[in-house]
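Working through the structure, step by step
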Amino acid sequence: MLVSTSIIGRLQQAEQIAVFTGAGMSAESGIPTFRDRFEGLWAKYDPMTVATPAAFQANPQFVWDWHVQLADTVRKAVPNPGHRAVAQLQEAVKRVTVITQNVDNLHQAAGSKDVLELHGNLFRLKSFVDEDAIFLSELRPFICHVCDGYAVGSVDSYAGKEDLENIDLVAGPIPRCPGCESLLRPSVVWFGEMLDPSILERAISAVDQCDALICIGSSLEVEPAASMPFQALKRGALVIEVNPTPTELSDRADASLLGPAGEILPALLREVWSR
Ligand code: OAD
């Protein structure tokens with residue numbers, strides 16, 4: 001048995017479950033995690049040179065190309081049995097909210113509906129807002145009706161949001177917003193940037209209302225996301241962790257299931273919900 005009978009009972013009674021996921025969730029789909037000592041993205045690249053606004057400002061094409069390379073790997077990936085188990089949970093539980101730090105779309109591809117992307121999405125583009133240039137400009141800044149970013153200068157009033165949606169993260173010169181001509185960038189949260197306040201608020205509210213939280217494949221090293229499983233614990237929600245490597249949460253969680261998400265989650269689903 002993966003979990004005790006009393007935990008099985010609490011999970012069966014749970015009406016609201018928050019599923020909190022990190023890069024380990026997609027590891028079995030072939031997407032590297034960030035902090036694996038050898039294969040992790042941050043073992044191979046300094047995040048300060050590829051995942052900060054300052055890096056983009058200093059060398060936008062390099063940062064664009066790095067994300068293109070990551071996107072090429074992610075495009076080849078398909079959901080693994082762990083993603084599918086999370087999606088199936090929706091059929092057994094009244095409300096399931098997936099709070100993910102991943103930017104890879106794999107929860108949605110597996111069929112999960114209520115997915116909150118804390119760190120954005122690699123396949124959406126937005127404009128790079130150079131705040132210094134906007135502040136120092138003698139021109140009056142405006143909000144571009146295509147990319148919703150601050151811009152100065154002229155705008156193409158015939159361009160629409162669909163023109164932006166048709167632009168992809170692919171190799172080549174960095175595309176520009178069809179409205180205001182600002183350089184485009186992936187809509188992911190880089191180091192030093194704020195999370196989308198409306199997504200953050202919905203995630204906090206799901207954590208505050210859940211009967212149980214399942215934390216899958218995160219090292220819990222990046223705030224504010226990392227605090228969410230601990231907040232659920234503090235409220236007295238049942239907290240279960242799935243990760244082959246122990247984290248700071250492991251000793252405090254109601255159950256720490258040491259193993260890969262693609263194996264543990266389908267087994268947990270069978271054990272708890274197919275009775
Ligand atoms: P990390 O790379 O920090 O952690 C990945 C976790 O997944 C580790 O604890 C691994 O032990 C675990 N893991 C590995 N394989 C697994 C498997 N098959 N099943 C389950 N777990 C497995 O990734 P995150 O915690 O997601 O931020 O990192 C958080 C944020 O840091 C990312 O969203 C990213 C990064 O900088 C941004 O890009 C803003």
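Our structure's up above, just so we're on the same page.
Presented here is an overview of the structure given in this document. Everything numeric in this text was worked out from a predicted model, so none of it was measured.

Concerning the sheet that holds strand 9 (residues 238–242)
- Strand order in the open sheet made by the six strands is 3-2-1-8-9-10, with parallel pairing throughout. Edge positions in the open sheet fall to strand 3 (115–117) and strand 10 (255–257), since each of these has one partner strand only. For this sheet, the mean angle separating the axes of adjacent strands, direction not counted, is 15°.
- Sheet analysis places strand 2 (residues 95–100) next to strand 3, joined by three bridges and oriented parallel. Bridge assignment links V98 to a residue of strand 3, and that residue is V115.
- Against the sheet, helix 12 (residues 261–273) engages strand 1 (16–21), strand 8 (212–216), strand 9 and strand 10, with an angle of about 155° to strand 8.

Overview of the environment of R75
- Here R75 shows up in helix 5 (residues 60–76).
- Along the backbone, R75 and L2 are 73 residues apart, and their C-alpha atoms lie at a distance of 33 Å.

Comments concerning the nonpolar core
- Counting residues in hydrophobic clusters, the biggest one holds 33 residues, and the most contacted among them are L122, L169, C177 and W190.
- Of all the elements in the fold, those that place two or more residues in this core are helix 2 (41–44), helix 4 (53–58), helix 5, strand 4 (120–127) and strand 7 (184–188).
- The element contributing the most residues to this core is helix 5, with seven residues.
- Not counting the four nearest positions on each side in its chain, L169 is found in contact with W64, H67, V68, A71, R75, L122, L125 and P186.
- Ranked by size, the runner-up nonpolar core spans 30 residues in total, among them V98, A212, L238 and L269.

The rules we used
- Residues numbered from 1 in each chain as written.
- Predicted model: local features only at pLDDT ≥ 70, side-chain atom pairs only at ≥ 80, totals over all residues.
- Heavy atoms only, no water.
- Pairing = 2+ DSSP bridges.
- Helix = DSSP H or I, 4+ residues; strand = E, 2+ residues; numbered from the N terminus.
- Axes fitted to C-alpha atoms, helices over the stretch in contact; angles between N-to-C directions.
- Contact = heavy atoms within 4.5 Å.
- Core = buried A, V, L, I, M, F, W, Y, C linked by side-chain atoms within 4.5 Å.
- Buried < 20%, exposed > 50% of the residue type's maximum accessible area, 1.4 Å probe, protein only.

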